[in-house]
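Observations on the three-dimensional arrangement
Listed below, chain by chain, are the residues.
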Amino acid sequence: MPEQVTHTGEYVPYFLHKGKYPGALSWLLATDHKRIGLLYMVCIATFFSTAVVIGVIMRINMLPGHAILTPQQYNAAFTLHGIIMVFLVVIPAVPTIFGNFFLPILIGGRDMIFPRLNLFTWYLFVFGAVLAMVSVFFGGGAVDTGWTFYVPFSLKTTVNVPLAVFAVFILGMSSILTGINIVTTVHQLRAPGMGFFKMPLSVWGFYATAWVQILATPIIGITMLLVVMERLFGIGVFDPSKGGDPLLYQHLFWIYSHPAVYIMILPAMGVISDIFPVFSRKNIYGYKMIAFSSLAIASVGSLVWGHHMYVSGQSDTAGIIFSFLTFLVAVPSAIKVFNWLATMYKGSIQVEPPFLYALSFIFLFSIGGLTGLFLGALSPNVQLHNTYFVVGHFHYVIFGGMGFGLAAAIHYWFPKMTGKMYNKPTSVVAWLIVFVGFNIFYFPMFILGWEGMPRRYCDYLPQFTTLHQVASIGSFIMVAGLVLVAINLARGLVAGAKAEANPWGGATLEWTLPSPPGHEDFEEIPVITRGPYEFDKKETGV
Amino acid sequence: MNDREDAHAGGRVGIWLFISTEIILFGGLFLLYSMYRLKNPVDFHAGSLELNRVLGTLNTVILITCSLTVALGIAALERGRPKQSAWFVAATIACAFGFLIVKAFEWTAKFHHGLYPNAPVLLSLPKGENLFFGLYYMMTGLHGIHVLVGIGVLSVMLVRVLRGTITPGNPIYLVNSGLYWHLVDMIWIFLFPLFYLIT
Amino acid sequence: MDAHATREMPNAGPQGPGMRSYVLVWGALILLTATTVAVAGFNFQKIAIIVCLGIAAIKSTLVLFFFMHLRYERRLIIKLLMPIAIATLAIFIGLTFSDVITR
């Protein structure tokens, strides 16, 4: 029986706890949700850094006179950048790091309901990543199809498509099992008194996301398997010469990959919904609307995939239907933005790093979301499809949205996870550098795309030179900011000041535990009598 | 909430969620099937005529029967009869093998006639028929893999019933394995008319 | 504390229908199989697929309700799962149809 936790500090933090297995095995065979969250974090940080480096190389390549990559290498670079970012970073990050670490605590439970399954998902994740890496170096080399693997090119190109798409299949399995774990945990392990409408909104975010993981991911699974079968056996389902329809590949691919972007954003939005009340010292405005909007985004967002295919040969009728549905899905996101702003209104604002990231999240995600409406409308799409406008749009929503949301989560929960506090002034400076660099980097892309610069091209007409230079410089500034963020957090980890249990004054359950928590989260499962953002009713402890 | 009820209900929710994912997985193939059948009704009919309706029906009966035996196996265990339960589970595994043998027989017969993916004979047929057979192999193949996995899972359960680690008081792993097995049966219930009974 | 059901509990007793009911359901499934094969043999053209798929749906419902105990299930989330999965598939297939049939 491990030491009991007390607030006087007489306990063993979870990362030092001595369990059944010694040394490294205590991590590799961990079933503690907190340790599994850290396992994911280490991997995802590595993959993110790799993909950032690839991105920097791409941006150097796009500077005039600096073509350091051959066209084939450039194709491989943006493909790998996309595969790593989409499947190894953005889709898993918030659910597997913070969902794993905090979901059980936020609902007052002891762990995820299937701890060994949880560990298995991490192994699948690592296995998928290894397969993807191997595919770069063997069997024909790095895939050059873009992360979207469109047929017919993916069936004909001589690089190692089968291994890469099989890696995606494995990663999909990991995601599905995580989703099953999350839904079941939320249904079964909430503490007494925690009804669905007393859960923190971050839990709603994880919950809605998990449903998308369960219902949409199998489609990418079967699609990737079909690509493998096509390449190995020539079945013909996507090959026109055998009766197949390449557009059906795009349908199947986007049936998952569009909901996938909601897998990316919903958890981040959930964390943001937790953060604003704390730093406004005010209850969230419109709790139920935010909760339902998460479900609405998850469901309506699964109906819009055809907006990726307006100009691919899809019928106009279908285009009209998909465009209409695409405009609909903007509504629940707008509801969230409104409610966050209303939460801050007349609140007592504490300007801290998590709050700054959350605020910039709203700004950047709104730009991304609004530019999505340009793309979702049928006529502008003809001009903008496959241009840099798209690249700007998705970087604003994914990086500006999910990325800044992830950074907000890191800076919010860092003291709880590590027991240390990072240097706040430095983190504000780093945030500013990232924010400014981000906009210099990605905003010109809207103009570039509008003026006709195609995406995934390693070269361009002279009239695009200036904006590409601006963008590349912006990327260097942004990356410098990211490096500063990382250094600051590392320094905080090693030499930071000791953090108290509740440095931000939050009212959700994780702040009732010591920083960092012990192996067992709660000495006693709490009985919930109040909502997650009630600051005036808050007693000391639970 | 009762702690033990908790643990069992959790496992059940989990396996049902997993079953939903399998339905969606096959659903992607059903999507392709629907589109291609819509576009190639005559060719799909021609393809269906090549399949052996008797063997297809036999396989359907086999799977329905082993769904029965696994359900009886769980019921026997719940009534405190582990030996009888073990017999029923063993019967299920035997039926499953039977299914795979019939399937293997069907497939090899088709291969002999040159009706396999990318075969010259198949490619000389109308395109819709090529699609029919492509989907046939893909869907019955994926289903067959699930049968194989089911055999593995049920074999492990059989050992546990015999060893006494699955008991009337703790039947959850057998129950969940049964649920998986019924899913495998249900998928075939749809595959059968879609491939063998096209008029 | 392990969330896994590895602990003993007193015999929970039989869940779901009795063994005789299972055999009756099996009989119904065999009968329905025979029916669907017969219908297919009659060459009813368009109707046949609707009838055959309809029979398949009935057979699946029998398997779900009786063999898989859905009729006796108390957890709401489990009862909702099949409708949710089927609705999801219907949407995926339906919206794709909206493209394929109007091209």
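Residues numbered from 1 in each chain as written. Chains lettered and ligands numbered in written order. Predicted model: local features only at pLDDT ≥ 70, side-chain atom pairs only at ≥ 80, totals over all residues.

Observations regarding the domain arrangement of chain A
All names here are of chain A. Where we set the bar: Domain boundaries shown here were taken from an automatic or database domain assignment. Whether two residues are in contact is decided by their C-beta atoms, placed from the backbone, lying within 7 Å. A helix here means a DSSP run of H or I that spans at least four residues, while a strand means a run of E at least two residues long, and both kinds are numbered starting from the N terminus. For this classification, Asp, Glu, Lys and Arg are treated as charged, while Ala, Val, Leu, Ile, Met, Phe, Trp, Tyr, Cys and Pro are nonpolar and the rest, including Gly, are polar.
What the domain assignment lists for chain A is domain 1 (15-350) and domain 2 (352-499). Put simply, the middle of domain 1 and the middle of domain 2, counted by C-alpha atoms, are 18 Å apart. The interface of domain 1 with domain 2 comprises 40 residues on the first partner and 35 residues on the second. Elements supplying a minimum of two residues to the side of domain 1 that touches domain 2: helix H2 (33-61), helix H3 (71-90), helix H4 (93-106), helix H9 (246-280) and helix H11 (316-344). In terms of residue count, H9 provides more of the side of domain 1 that touches domain 2 than any other element does, nine residues in total. Tallied by class, the residues present in the side of domain 1 that touches domain 2 amount to 31 nonpolar, eight polar and one charged.

Quick notes on the environment of Leu266(A)
Residues and elements named next belong to chain A. Residue position: leucine 266 is located in helix H9. Separated by 31 residues in the primary sequence, leucine 266 and isoleucine 297 place their C-alpha atoms 8.1 Å from one another. When near neighbours in sequence (up to four residues on either side) are disregarded, leucine 266 contacts Gly205, Ala208, Thr209, Ser294, Ile297 and Ala298.

Quick look at the confidence of the model for chain A
Note the cut-off: Per-residue confidence from the predictor is given as pLDDT, running between 0 and 100.
With 97% of its residues at a pLDDT of 70 or more, chain A shows a mean pLDDT of 94. Segment residues 1-7 of chain A is flagged for pLDDT under 50; beyond a separation of four residues in sequence, or across chains, it makes 17 contacts in the model.

Things to note about unusual backbone geometry
Residues and elements named next belong to chain A. Residue proline 152 follows valine 151 across a cis peptide bond; omega there is 0 degrees. Geometrically, the link from serine 515 to proline 516 is a cis peptide bond, its omega value of -5 degrees lying close to zero. Counting through the fold element by element, proline 516 comes out in the segment after strand S2 (497-498). A positive phi angle, near 65 degrees, is found at arginine 456, a position not held by glycine.

Points about the interface of chain C and chain B
Listed per partner, the contact involves 45 residues of chain C and 45 residues of chain B. Among the elements of the structure, helix H1 (19-41), helix H2 (46-67) and helix H3 (76-100) of chain C are those that each provide at least two residues to the side of chain C that touches chain B. Classifying every residue of the side of chain C that touches chain B gives 30 nonpolar, eleven polar and four charged.

So, the interface of chain A and chain C
Contacts between the two partners involve 16 residues from chain A, matched on the other side by twelve residues from chain C. Among the secondary structure elements, those contributing two or more residues to the side of chain A that touches chain C are H9 and H11 of chain A. Element by element, the count of residues in the side of chain A that touches chain C is highest for H11(A), at three residues. Class assignment for the residues of the side of chain A that touches chain C results in eight nonpolar, six polar and two charged.

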